[in-house]
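The primary structure of each chain is shown beneath.
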Amino acid sequence: MVYWKQGWTDVSAHLLKHGKGSYMNILFLLIPKATCAYVREDDTIRQALERMSASGFTAVPILARDGTYRGTLTEGDLLWAVKDLYLMDMKEAEKHSIMEIRHRRDNIAVSVNTRVEDLLSTAVDQNFVPVVDDRHTFIGIITRRAIMQYCMEQYFPRKGDA
């Protein structure tokens, strides 16, 4: 039995050793772009604030007009922008693009061909993993929760399920 506290490297090694998950298509875990909350790189700070407020998410992907993944926008990024740019008026927030502000950290995107076990190491430090096709076009996200649920079902089945 693998214990989670051993670390993600040990879990990945276990998955490879036992062959579980090696051929799992990550698209089964994907939340498609059509149902994802995201912002466009040319959106204003006000538009981003409104979209994030409506979605309830604390971080969303940033997409270019051609659909390519450009990075991640977080509530923290917006908060720092409001502070640094003195944006206490929403009209002022309409004058600034989200690409003008500093992004603390962008979530690392993975290819549609990535193996589930490789998602583990990527998802350790980010709550969602953006997925892109061969042209770097954003096709959706995989949440850390979905990855964890998959691993729990595959490697720690309930007694009645085994």
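One can find the structure itself at the top, above this paragraph.
Residues numbered from 1 in each chain as written. Predicted model: local features only at pLDDT ≥ 70, side-chain atom pairs only at ≥ 80, totals over all residues. Heavy atoms only, no water.

Participant: Explain the sheet that holds strand β2 (residues 39–40) to me, using residue names and the numbers behind them.
Facilitator: One open sheet holds the three strands; their spatial order is β2-β3-β4, and the pairing between them is mixed. This sheet does not close on itself; its edge strands, each paired only once, are β2 and β4 (69–74). In this structure, β2 lies alongside strand β3 (residues 59–63), joined through two bridges in parallel fashion. Pairing of R40 across the sheet is with L63, part of β3. (Pairing = 2+ DSSP bridges. Helix = DSSP H or I, 4+ residues; strand = E, 2+ residues; numbered from the N terminus.)

Participant: Summarise helix α5 (residues 116–123); cite the residues concerned and give the values.
Facilitator: With six of eight residues buried, α5 lies mostly within the body of the structure. For α5, every residue scored as buried is listed here: V116, E117, L119, L120, T122 and A123. (Buried < 20%, exposed > 50% of the residue type's maximum accessible area, 1.4 Å probe, protein only.)

Participant: Any chance you could break down the sheet that holds strand β5 (residues 110–111) for me, citing the residues and the numbers?
Facilitator: A sheet is described by the order of its strands in space; here four strands give the open sequence β1-β7-β6-β5, paired in mixed fashion. Of all strands in the sheet, those bounded by a partner on one side alone are β1 (31–32) and β5. Taken together, the two bridges between β5 and strand β6 (residues 128–132) define a ladder with parallel strand orientation. In the sheet register, S111 faces β6, and the bridge partner there is V132. Sitting on the sheet, α5 touches β5, β6 and β7 (138–143), and the angle it makes with β6 is about 130 degrees. Sitting on the sheet, helix α6 (residues 144–155) touches β6 and β7, and the angle it makes with β7 is about 60 degrees. (Contact = heavy atoms within 4.5 Å. Axes fitted to C-alpha atoms, helices over the stretch in contact; angles between N-to-C directions.)

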